[in-house]
Amino acid sequence: MKPRDIVNGKNSLWIFGYGSLVWKPDFAYKKRKVGYIKGYKRRFWHGDDFHRGDKEKPGRVVTLVEDQEASTWGVAYEVPESHMEESLQYLNIREVMLGGYTTKMVEFVPKEKSHGPLLALVYIATSDNPIYLGPASDVEIAAQIAISSGKTGHNIEYLLRLAEFMRLCCPEVEDEHLFSIEAAVLKIFPRGEITPSAKTSL
Ligand SMILES: N[C@@H](CCC(=O)N[C@@H](CS)C(=O)NCC(=O)O)C(=O)O
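Quantities reported herein were computed from a predicted structural model and do not represent experimental measurements. (Residues numbered from 1 in each chain as written. Predicted model: local features only at pLDDT ≥ 70, side-chain atom pairs only at ≥ 80, totals over all residues. Heavy atoms only, no water.)

Which parts of the structure should I look at to understand the overall build of the protein chain?
The helix and strand tally for the protein chain stands at five helices and five strands. Across the protein chain, helices and strands are ordered from the amino to the carboxyl terminus as α-β-β-β-α-β-β-α-α-α. Across the 202 residues that make up the protein chain, the buried fraction comes to 53%. When the accessible surface of the protein chain is totalled, it reaches about 9,800 Å², and 54% of it is carbon and sulfur. (Helix = DSSP H or I, 4+ residues; strand = E, 2+ residues; numbered from the N terminus. Buried < 20%, exposed > 50% of the residue type's maximum accessible area, 1.4 Å probe, protein only. Areas by Shrake-Rupley, 256 points an atom, 1.4 Å probe, with all protein chains shown as cover.)

Structure below.
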């Protein structure tokens, strides 16, 4: 997908993040808006054998699963045309080649009511992906996260930073899946015992 195809005539592109992108975009953007997309739920159902896991012990990271009743909160970043090519090239390596995600355009609804919905690019890992892990109980997911780490860091850090983002930026949103997995991990590793590499440092 070429940047020109998705710019829809404007001179910027909005990219919606709902996992590590909410706390580590690592690409240039000019605006950041907290908000949500409808029709998807966020689940720790995607495997990660690079960033937060390896071939022997893949980690678990989030993807989006279609659910007409659900919404997923995250962050949309406005990327100016001047940085579009480099940002998409960076994300193609991080998300697509190393992460197994594919792209889709979705409607993003900003939390600030003064702004209307925006068209945004999102990275989603679908169930036909070779490292897709699918559903498991919150306790099984927590146990897998507790023992996984990869090139970018520990899987616990990934979980805790996402939970921290939701508490800081979307305090009114109850994400039962996320917080029950966090609680299960903290039962295995009480926060005081979590090693520095897995600690969040928001
Ligand atoms: N596409 C989701 C998930 C992105 C995500 O978590 N991708 C992984 C790749 S498997 C990543 O970039 N990890 C970097 C990290 O763990 O710090 C988002 O929009 O945030």
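Looking at this model, I keep getting lost on the site of the ligand. Mind explaining?
Surveying the vicinity of the ligand reveals 20 residues, the closest of which are Gly19, Lys24, Arg52, Arg94 and Tyr158. In the environment of the ligand, an oxygen atom lies 2.8 Å from a nitrogen or oxygen atom belonging to the side chain of Glu95. Expressed as a share of its isolated accessible area of 510 Å², the protein-covered part of the ligand is 100%. Of all the secondary-structure elements, those providing two or more residues to the shell around the ligand are strand 1 (12-17), strand 3 (59-80) and helix 2 (81-97). Residues that form the shell around the ligand fall into these classes: nine nonpolar, six polar and five charged. (Near = heavy atom within 4 Å. Polar contact = N/O pair within 3.5 Å; in protein donor to acceptor, adjacent residues only side chain to side chain. Nonpolar A, V, L, I, M, F, W, Y, C, P; charged D, E, K, R; others polar.)

Looking at this model, I keep getting lost on the pairing of strand 3. Mind explaining?
Residues in a regular strand point their side chains to alternate faces of the sheet. For strand 3, the tally of buried residues reaches 17 of 22 residues, placing the bulk of the element in the interior. Bridge analysis of strand 2 (residues 31-48) against strand 3 gives 15 bridges, and the strand direction is antiparallel. Across the sheet, the residue bridging to Val34 is Val75, located in strand 3. (Pairing = 2+ DSSP bridges.)

Explain the packing of aromatic side chains here, please?
The way to describe two aromatic rings as a pair is by their centre distance and the angle between their planes. The tally for this structure, following the rule as stated, stands at eight aromatic pairs. With a centroid separation of 5.4 Å and an interplanar angle of 80 degrees, the aromatic rings of Phe27 and Tyr77 are classed as edge-to-face. You can see Phe27 sitting in the loop between strand 1 and strand 2 and its partner Tyr77 sitting in strand 3, a full 50 residues away along the chain. Comparing Phe27 with Tyr77 shows no difference in burial state: the two are buried. Taken together, the ring pairs in this structure connect Phe16, Tyr18 and Phe108 into an aromatic cluster. (Phe/Tyr/Trp six-rings, centres within 6.5 Å; stacked < 30°, edge-to-face > 60°.)

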